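# Notes for the structure review
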Amino acid sequence: MANQQGSFLTAIDVGSAKTCALVAEVTEAGLRYRGHGVAESRGSRKGVIVELDKAVAAIQKAVEAAEDSAGAAVEHAIIGIGGAHVRGVNSHGGINLGARAREIGRDEIKQAVEKARAIPLPADREVLHLLPQEFILDGQAGVHDPMGMVASRLEVRVHLVTAAASAAQNVITAVNRAGVHVDDTVFEPLAAADSVLRADERELGACLADIGAGSTELIVFVQGAVAYTAVIPIGGDHFTSDLSLGMCTPLVEAETIKKVYGNAIVTLIPEGNEVEVPSVGNRPSRLLPQRLVAEILEPRARELFEMMRENLRHGGMFEACLAGIVLCGGGSRLPGIFDVAESVLRRPVRLSWPTPLAKMPASLAEPEFATVLGMVAYGQRARVARGFQADRWGSKLKTLLVG
Ligand SMILES: Nc1ncnc2c1ncn2[C@@H]1O[C@H](COP(=O)(O)OP(=O)(O)OP(=O)(O)O)[C@@H](O)[C@H]1O
Ligand SMILES: [Mg+2]
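The model shown is predicted, which means the values in this text are computed figures rather than measured ones. (Residues numbered from 1 in each chain as written. Chains lettered and ligands numbered in written order. Predicted model: local features only at pLDDT ≥ 70, side-chain atom pairs only at ≥ 80, totals over all residues.)

## Describing the overall build of the protein chain
- When its secondary structure is counted, the protein chain shows 11 helices and 20 strands.
- Taken against the 2.2 N^0.38 rule, which gives 22 Å for 403 residues, the C-alpha radius of gyration of the protein chain at 22 Å falls within 12% of a compact globule.
- Each of the three principal axes of the protein chain carries a C-alpha extent, and together these read 85 × 50 × 40 Å.
- Taken over 403 residues, the protein chain has a buried fraction of 49%. (Helix = DSSP H or I, 4+ residues; strand = E, 2+ residues; numbered from the N terminus. Rg over C-alpha atoms; globule rule 2.2 N^0.38 Å. Buried ≥ 20, exposed ≤ 12 C-beta atoms within 10 Å, placed from the backbone.)

## What to know about the domain arrangement of the protein chain
- Under the domain assignment used here, the protein chain contains domain 1 (8-84 + 165-187 + 355-361 + 372-402), domain 2 (87-164) and domain 3 (198-351).
- Inter-centroid distance (C-alpha atoms) of domain 1 to domain 2 is 28 Å.
- Between domain 1 and domain 2, the residue contacts involve 11 residues of the former and 13 residues of the latter.
- If you list the elements that add at least two residues to the side of domain 1 that touches domain 2, you get helix 3 (165-177), strand 13 (181-187) and helix 11 (392-402). (Domains from an automatic or database assignment. Contact = placed C-beta atoms within 7 Å.)

## Here we look at the site of ligand 1
- By nearness alone, 25 residues border ligand 1, and Gly15, Ala17, Gly212, Gly236 and Gly330 come closest of all.
- Classifying every residue of the shell around ligand 1 by side-chain character gives 3 nonpolar, 15 polar and 7 charged.
- Residue contributions to the shell around ligand 1 reach at least three from each of two domains, namely domain 1 (8-84 + 165-187 + 355-361 + 372-402) and domain 3 (198-351). (Near = placed C-beta within 6 Å. Nonpolar A, V, L, I, M, F, W, Y, C, P; charged D, E, K, R; others polar.)

## Quick notes on the sheet that holds strand 7 (residues 87-96)
- An order of 7-12-9-10 is seen for the 4 strands of this open sheet, with the pairing classed as antiparallel. Edge positions in the open sheet fall to strand 7 and strand 10 (140-143), since each of these has one partner strand only. Put simply, the sheet's adjacent strands are angled 35° from each other on average, direction ignored.
- Sheet analysis places strand 9 (residues 125-137) next to strand 10, joined by 2 bridges and oriented antiparallel. By the bridge assignment for strand 10, Phe135 is matched with Val143.
- Those strands touched by helix 3 are strand 9 and strand 12 (153-164), and its axis lies near 70° from that of strand 12. (Pairing = 2+ DSSP bridges. Axes fitted to C-alpha atoms, helices over the stretch in contact; angles between N-to-C directions.)

## Overview of unusual backbone geometry
- Backbone geometry at Cys248 places phi at a positive 50°, although glycine is not the residue there.
- Relative to the helices and strands, Cys248 is located in the loop between helix 6 (236-247) and helix 7 (251-261).
- The partly exposed category is assigned to Cys248, around which 16 C-beta atoms lie within 10 Å.
- Although it is not a glycine, Lys359 adopts a positive phi angle of roughly 70°.
- As for its position among the elements, Lys359 is in the loop between strand 20 (349-351) and helix 10 (370-388).
- Accessibility expressed as a C-beta count within 10 Å gives 11 for Lys359, which makes it exposed.

## Details of the pairing of strand 16 (residues 225-232)
- Of all 8 residues making up strand 16, 7 are buried, and the element is well covered by its neighbours.
- Counting the residues in the hairpin turn of strand 15 (residues 216-222) and strand 16 gives 2 residues, including Gln223, whose phi is positive at 50°.

## Let's talk about the sheet that holds strand 13
- Taken in spatial order, the 5 strands make up an open sheet running 3-2-1-6-13, and their pairing is mixed. What marks the edges here is a single partner per strand, and that holds for strand 3 (30-40) and strand 13. Pairwise comparison of adjacent strand axes, ignoring direction, gives a mean angle of 25° for this sheet.
- Here strand 6 (residues 76-81) pairs with strand 13 via 6 bridges, running parallel. Each bridged residue has a counterpart across the sheet, and for His76 the counterpart in strand 13 is His181.
- Most of the contacts of helix 3 go to strand 6, to which it runs at about 150°, and overall it touches strand 1 (8-14), strand 6 and strand 13.
- Running over the sheet, helix 4 (residues 188-196) touches strand 6 and strand 13 and is turned about 80° from strand 13.

## Focus: the environment of Ala73
- Within the element layout of this structure, Ala73 appears in the loop between helix 1 (52-70) and strand 6.
- Residue classification places Ala73 among the partly exposed residues on the basis of 17 C-beta atoms within 10 Å.

## Structural notes on helix 2 (residues 106-117)
- In this model, helix 2 (12 residues) spans 16 Å end to end at C-alpha, consistent with the 16 Å of a helix rising 1.5 Å per residue.
- The complete set of buried residues in helix 2 reads Ile109, Ala112, Val113 and Ala116. All buried residues of helix 2 project into a common sector of 95° when viewed along the axis, lining one side. (Expected span 1.5 Å × (residues − 1). Arc of directions from axis to C-beta.)

## Brief notes about the confidence of the model for the protein chain
- Per-residue confidence for the protein chain gives a mean pLDDT of 92; residues scoring 70 or more make up 94%.
- Overall, residues 1-5 carries pLDDT values under 50, and its contacts beyond four positions in sequence, including any with other chains, amount to 17 contacts.
- This stretch, residues 390-403, has a pLDDT under 50; its non-local contacts, to residues over four places away or in other chains, come to 23 contacts. (pLDDT = per-residue confidence, 0-100.)

Quick look at the structure:
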């Protein structure tokens, strides 16, 4: 049976709401869909495994469904890391090459990047990505790939993404216990960007916001490179729990009401519309105005985008997003959220529809699958890069240089 070692690539996204496994085949014409499985997530919250056995069972369920539809065993996978424990920071480092300018090779690039990586990190954090932004040769900035060029000093600016080591390890452990070996880990919005951001947006300056269930993850690209990453601790589940509290209804009912009747703009709902709202305990359900649903959701949506704006401003990135903000993740499906985003952010906003794989069912072309679709694209780029360079460190650097 073909597997990850051969022409198949599998990605597993262990989200707070859903766990999704996607199998793609690498063909000469590009990636082709082979199968997928989705299971309701259990035991993982905001990127952290809280109940290992339940998380393992959800991963197994998604993987088995993916194996059935792909007709192949899943033995290896690339997995996503996300949640509030992830941090991004910019760093800078460099090396002297000698009094006389000389040619820059792979070792010199590696040494310069290692210098940039050498910032003090607490013992419980690990580097998830080391993303070169630009190289500076003898003070001349803006070099994308210095290989083969000459200089007497080589400097590099990088964006470092770090994760809580235990949180990342627990996701790996859960996937391992589900019988799958983890080949690589990727920060989820970095992968999602592969499937939803266009090259011209990355060049001009754009922010991708993945509104998941537990959190909203941000990644900003400027001049084609990752300039900033951040996580905002509000996701779709906060909207649901607001409805549950505000309408005094169980969480599962609140989730359904949100998806069926929800809107982030009160005035988009006609006055007079009513919604049947189940009660808690044995009390009878009530008929409440549909506008009440939006009156509860709108402030939460405003809060999310205000936090996003302040976060980007604080990081010095708000002005840099000239191409605007792109929304993905299940939370971006709430009607009216686009309007709230535009009114708060005052930047062009667009909803994203992930780039489909060949032969992919239409049901996967939804914003909540942007991450898993991007992960197979990222995995393929990493694989191509490994063809150039065998060691894992080098492959990560190369992956991003070719990106
Ligand atoms: N039609 C809809 N309207 C409003 N919200 C929706 C809709 N569909 C999905 N959601 C919300 O999207 C969220 C799930 O999004 P997604 O599947 O991207 O999350 P996840 O990847 O599992 O979580 P995370 O990325 O936070 O780990 C849930 O809060 C869900 O209520
Ligand atoms: Mg997600």
